[in-house]
Amino acid sequence: AAARTSHLPALLAFIASRPGQRLRGSSGIAEFYKAHPEAKGQLPKLAQLAEQCPQIKIEVLKAGDPWLTLASPAPSAPPAS
(Lines give C-alpha, C1' and ligand atoms only; values in the text may rest on other atoms or scores of the structure.)
Protein backbone atom coordinates (compact mmCIF):
# COMPACT_ATOMS: atom_id res chain seq x y z
CA ALA A 1 0.00 0.00 0.00
CA ALA A 2 2.93 2.31 0.67
CA ALA A 3 3.96 2.21 -2.97
CA ARG A 4 0.52 3.39 -4.01
CA THR A 5 0.78 6.52 -1.90
CA SER A 6 4.24 7.49 -3.16
CA HIS A 7 2.72 9.29 -6.14
CA LEU A 8 0.25 11.29 -4.07
CA PRO A 9 2.58 14.30 -3.57
CA ALA A 10 2.95 14.57 -7.35
CA LEU A 11 -0.82 14.33 -7.74
CA LEU A 12 -1.34 17.02 -5.10
CA ALA A 13 1.12 19.30 -6.89
CA PHE A 14 -0.63 18.57 -10.19
CA ILE A 15 -4.04 19.49 -8.75
CA ALA A 16 -2.55 22.62 -7.18
CA SER A 17 -1.22 23.69 -10.58
CA ARG A 18 -4.62 23.40 -12.27
CA PRO A 19 -7.03 26.30 -12.74
CA GLY A 20 -9.13 26.54 -9.60
CA GLN A 21 -7.03 23.73 -8.09
CA ARG A 22 -9.53 21.20 -9.41
CA LEU A 23 -9.09 18.07 -11.43
CA ARG A 24 -11.95 16.38 -13.19
CA GLY A 25 -12.22 12.73 -12.18
CA SER A 26 -10.96 10.12 -14.60
CA SER A 27 -10.08 12.52 -17.42
CA GLY A 28 -8.02 14.60 -14.99
CA ILE A 29 -6.26 11.49 -13.73
CA ALA A 30 -5.54 10.56 -17.34
CA GLU A 31 -3.90 13.98 -17.82
CA PHE A 32 -1.88 13.40 -14.67
CA TYR A 33 -0.67 10.05 -16.05
CA LYS A 34 0.36 11.77 -19.29
CA ALA A 35 2.48 14.18 -17.27
CA HIS A 36 3.71 11.44 -14.91
CA PRO A 37 3.83 8.18 -16.89
CA GLU A 38 5.72 6.47 -14.06
CA ALA A 39 2.62 6.83 -11.86
CA LYS A 40 0.29 5.04 -14.28
CA GLY A 41 -1.70 2.38 -12.50
CA GLN A 42 -0.09 3.29 -9.18
CA LEU A 43 -2.84 5.49 -7.76
CA PRO A 44 -5.71 4.10 -5.73
CA LYS A 45 -9.25 4.39 -7.08
CA LEU A 46 -10.88 7.80 -6.77
CA ALA A 47 -13.02 6.72 -3.83
CA GLN A 48 -9.93 5.54 -1.96
CA LEU A 49 -7.86 8.61 -2.81
CA ALA A 50 -9.75 10.80 -0.37
CA GLU A 51 -9.48 8.12 2.32
CA GLN A 52 -5.75 7.72 1.88
CA CYS A 53 -4.98 11.37 1.31
CA PRO A 54 -6.89 13.81 3.53
CA GLN A 55 -5.64 16.75 1.41
CA ILE A 56 -7.80 15.55 -1.48
CA LYS A 57 -11.49 16.25 -1.44
CA ILE A 58 -13.85 14.58 -3.90
CA GLU A 59 -16.78 16.68 -5.05
CA VAL A 60 -19.57 15.12 -7.01
CA LEU A 61 -21.36 18.00 -8.69
CA LYS A 62 -23.86 16.56 -11.15
CA ALA A 63 -23.96 13.42 -13.20
CA GLY A 64 -20.58 12.54 -14.58
CA ASP A 65 -17.09 12.56 -13.21
CA PRO A 66 -16.42 13.66 -9.67
CA TRP A 67 -13.96 16.53 -9.22
CA LEU A 68 -10.82 16.24 -7.15
CA THR A 69 -10.10 19.43 -5.25
CA LEU A 70 -7.58 20.29 -2.59
CA ALA A 71 -9.02 20.45 0.88
CA SER A 72 -8.05 23.69 2.54
CA PRO A 73 -4.98 23.02 4.64
CA ALA A 74 -5.75 22.62 8.31
CA PRO A 75 -4.36 25.40 10.45
CA SER A 76 -1.16 24.06 11.97
CA ALA A 77 -1.38 26.10 15.18
CA PRO A 78 -4.34 27.45 17.07
CA PRO A 79 -4.65 31.23 16.68
CA ALA A 80 -3.01 33.15 19.51
CA SER A 81 -5.65 34.61 21.76
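Refer to the structure presented above.
Just so it is clear, the structure is predicted and the values come from calculations on it, not from any experiment.

Some points on the sheet that holds strand 3 (residues 67-70)
Piece 1. Pairing is antiparallel in the open sheet, where three strands are placed in the order 1-3-2. Every interior strand has two partners, whereas the edge strands, strand 1 (22-24) and strand 2 (56-59), have only one. Direction aside, neighbouring strands of the sheet carry axes that sit 25° apart on average.
Piece 2. The sheet contact formed by strand 1 and strand 3 spans three bridges and is antiparallel.

Description of unusual backbone geometry
Piece 1. With phi around 50°, Gln 21 is a residue other than glycine that occupies positive phi space.
Piece 2. Topologically, Gln 21 is positioned in the loop between helix 2 (8-17) and strand 1.

Focus: the packing of helix 2 against helix 3 (residues 25-35)
Piece 1. Closest axis-to-axis distance for the helix 2/helix 3 pair is 11 Å, and the angle between their directions is 115°. Between helix 2 and helix 3, the angle is such that the two are roughly perpendicular. Crossing geometry of helix 2 relative to helix 3 is assigned as right-handed. On the side of helix 2, the interface is formed by Ala 10, Leu 11 and Phe 14, while helix 3 contributes Gly 28, Ile 29, Glu 31, Phe 32 and Ala 35.

Cut-offs and rules
Residues numbered from 1 in each chain as written. Predicted model: local features only at pLDDT ≥ 70, side-chain atom pairs only at ≥ 80, totals over all residues. Heavy atoms only, no water. Pairing = 2+ DSSP bridges. Helix = DSSP H or I, 4+ residues; strand = E, 2+ residues; numbered from the N terminus. Axes fitted to C-alpha atoms, helices over the stretch in contact; angles between N-to-C directions. Parallel < 35°, antiparallel > 145°, perpendicular 65-115°, else oblique. Left-handed = near helix turned anticlockwise from the far one by under 90°. Contact = heavy atoms within 4.5 Å.

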